[in-house]
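So the chains spell out like this:
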Amino acid sequence: MVRGRISRLSVRDVRFPTSLGGHGADAMVSADAMVSADAMVSADAMVSADAMVSADAMHTDPDYSAAYVVIETDAEDGIKGCGITFTLGKGTEVVVCAVNALAHHVLNKDLKDIVGDFRGFYRQLTSDGQLRWIGPEKGVVHLATAAVLNAVWDLWAKQEGKPVWKLLVDMDPRMLVSCIDFRYITDVLTEEDALEILQKGQIGKKEREKQMLAQGYPAYTTSCAWLGYSDDTLKQLCAQALKDGWTRFKVKVGADLQDDMRRCQIIRDMIGPEKTLMMDANQRWDVPEAVEWMSKLAKFKPLWIEEPTSPDDILGHATISKALVPLGIGIATGEQCHNRVIFKQLLQAKALQFLQIDSCRLGSVNENLSVLLMAKKFEIPVCPHAGGVGLCELVQHLIIFDYISVSASLENRVCEYVDHLHEHFKYPVMIQRASYMPPKDPGYSTEMKEESVKKHQYPDGEVWKKLLPAQEN
Ligand SMILES: C[C@H](O)[C@@H](O)[C@@H](O)[C@H](O)C(=O)O
Ligand SMILES: [Mg+2]
């Protein structure tokens with residue numbers, strides 16, 4: 001039973017100095033240096049010899065960060081809801097401001113009333129008469145919406161004593177549909193369509209849940225082949241990943257064609273012709289350039305090219321897709337897709353073959369539900385974006401639900417995994433045999449260890465106090 005009135009909302013700016021080791025850069029990440037932020041602070045030589053950051057990289061120096069929201073209620077159970085949205089360091093303070101600007105919509109509300117009319121509540125947050133001008137449903141204000149709503153879902157699931165995926169799986173289809181705002185998407189998905197999909201999804205649900213609990217959801221790794229790795233590091237990481245049972249690998253491309261050719265050859269030689277290779281260009285190319293470049297990389301048989309161009313260029317993606325699908329290469333995109341409307345158009349325009357939802361860019365579970373259902377209608381596989389800080393923790397819930405209750409298929413489906421910063425979460429992801437094992441703890445796996453939050457709070461946490469004076473010099 002849901003209970004309590006939201007009595008407090010706090011939001012903190014939590015940053016991990018991942019840029020010190022090049023972690024997460026589209027240019028370079030050293031897995032040798034995949035040490036905790038604490039270790040990085042004390043290690044002077046933390047940037048490995050092969051840590052070269054290309055000037056061409058899109059995200060050269062990410063400090064994986066989060067606006068971390070905690071909501072409390074006046075109920076006696078003391079249960080708190082935790083929510084995050086993901087950022088790259090600078091600008092987290094802007095998201096924090098936006099969360100504070102939204103807070104009045106949440107404070108003093110009964111949780112029962114929020115979840116009893118979740119569509120209405122979503123609409124209220126996303127359609128604030130003044131704040132929507134700095135969106136609507138995109139950019140900073142939408143990231144803030146995600147953080148707040150992620151906290152509400154965590155609170156709800158904790159009160160129900162279930163992980164979010166299980167809360168969703170057990171929820172009546174009508175209730176699920178009542179969480180979704182269908183505004184702007186009824187030309188492709190009506191409430192009736194959604195209900196029909198979810199009702200069909202009830203068939204065989206029990207078996208699929210059992211299967212997930214036993215085998216987990218298949219994952220791929222992005223940790224081996226960031227740009228800027230020396231060939232030796234690439235080989236070493238690849239060998240280790242193969243030993244650990246990984247069968248799907250993503251490589252960053254796009255800075256230098258000759259370099260890409262060499263690295264793709266190495267990785268293909270290492271993994272063999274059967275294992276899956278994906279490529280990620282992080283928005284680097286213009287449309288004709290994307291086609292030309294990928295035609296040259298086609299011989300390495302990538303399953304997809306991710307973010308070949310601007311994430312806003314729907315028709316550009318369609319053009320690239322038309323040129324590359326005959327070569328056996330699909331287009332994947334979504335980590336910077338603003339909202340369900342853009343996803344709708346990407347689907348309508350046949351601009352993508354793999355849809356990458358993101359748990360912190362879209363408006364939480366509510367908006368992701370609508371995208372999962374649209375993808376099902378178009379029969380496009382969903383392969384979530386994860387990594388960063390906390391993205392794996394959250395998105396596993398959505399994709400496990402998708403398999404059990406919506407898609408009922410694992411064909412061509414795989415969820416991203418990146419191996420860092422999990423140690424800062426109270427309920428970190430569990431990977432077994434290269435698969436996400438369904439979380440068992442109640443909630444959305446969003447809760448961070450208080451000690452980690454305190455240490456990494458920006459700019460006053462211990463980690464940043466040590467780093468900032470050094471950086472100013
Ligand atoms: C800046 C980030 O680390 C990105 O490079 C990352 O999200 C990447 O696009 C991915 O697909 O994992
Ligand atoms: Mg990517």
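Residues numbered from 1 in each chain as written. Chains lettered and ligands numbered in written order. Predicted model: local features only at pLDDT ≥ 70, side-chain atom pairs only at ≥ 80, totals over all residues. Heavy atoms only, no water.

**Student:** Just to check I follow, could you spell out the overall build of the protein chain for this structure?
**Tutor:** Scanning the protein chain from N- to C-terminus turns up 18 helices and twelve strands. Taken against the 2.2 N^0.38 rule, which gives 23 Å for 473 residues, the C-alpha radius of gyration of the protein chain at 21 Å falls within 12% of a compact globule. Projected onto its principal axes, the C-alpha coordinates of the protein chain cover approximately 60 × 55 × 45 Å. The 473 residues of the protein chain split such that 60% are buried. Restricting to contacts in the protein chain with at least 6 residues of sequence separation, those with at least 24 account for 77%. Carbon and sulfur atoms make up 52% of the accessible area of the protein chain, which amounts to about 17900 Å² in all. (Helix = DSSP H or I, 4+ residues; strand = E, 2+ residues; numbered from the N terminus. Rg over C-alpha atoms; globule rule 2.2 N^0.38 Å. Buried < 20%, exposed > 50% of the residue type's maximum accessible area, 1.4 Å probe, protein only. Contact = heavy atoms within 4.5 Å. Areas by Shrake-Rupley, 256 points an atom, 1.4 Å probe, with all protein chains shown as cover.)

**Student:** Honestly, the packing of aromatic side chains in this entry has me stumped. Any pointers?
**Tutor:** The geometry of two aromatic rings is summed up by the distance between their centres and the angle between their planes. Following the criterion strictly, the structure yields eleven aromatic pairs and no others. Ring plane angle 75 degrees and centroid distance 5.1 Å describe the contact between Y458 and W464, whose orientation is recorded as edge-to-face. For Y458, a relative accessible area of 29% corresponds to the partly exposed category. Chaining the aromatic ring pairs together yields one cluster made of F118, F121, W153 and W156. Residue placement shows R15 over the ring face of Y458; its charged tip is 3.7 Å from the ring centre. (Phe/Tyr/Trp six-rings, centres within 6.5 Å; stacked < 30°, edge-to-face > 60°. Lys NZ or Arg CZ within 6 Å of the ring centre and 35° of its normal.)

**Student:** For this particular structure, what's the right way to read the environment of K301?
**Tutor:** Mapped onto the fold, K301 is located in the loop between α12 (287–297) and β7 (304–306). When its relative accessible area of 61% is taken as the criterion, K301 is described as exposed. For the pair K301 and V395, spaced 94 residues apart in sequence, the C-alpha to C-alpha distance is 27 Å. Once residues within four sequence positions are removed from consideration, K301 is found in contact with R268 and L277.

**Student:** Sorry if this is basic, but what is going on with the coordination of the magnesium ion (ligand 2) here?
**Tutor:** As a benchmark, a tetrahedral metal site with four donors has ideal angles of 109.5 degrees, while an octahedral site with six donors has ideal angles of 90 or 180 degrees. Bound to the magnesium ion (ligand 2) on the protein side are D280 (OD), E306 (OE) and E335 (OE), at distances that span 2.0 to 2.2 Å. Positions of the donor residues of the magnesium ion (ligand 2), expressed as sequence spacing, correspond to D-x25-E-x28-E. Placement of D280 in strand β6 (residues 276–280) and of E335 in the loop between β8 (330–333) and α14 (340–348) is noted, with a sequence separation of 55 residues between them. The burial state of D280 is the same as that of E335; both residues are buried. (Donors = N, O, S within 2.8 Å, 3.2 Å for Na, K, Ca; no water.)

**Student:** Help me out: how do you make sense of the pairing of strand β3 (residues 80–87) in this one?
**Tutor:** Regular strands have side chains that alternate between both faces of the sheet. Counting buried positions along β3 yields seven of eight residues, so the element is predominantly enclosed. As paired strands, strand β2 (residues 65–73) and β3 are joined by eight bridges and run antiparallel to one another. In the sheet register, A66 faces β3, and the bridge partner there is F86. With antiparallel pairing between neighbouring strands as the criterion, β2 and β3 make up a hairpin whose turn holds six residues, including G78 at a positive phi of roughly 70 degrees. (Pairing = 2+ DSSP bridges.)

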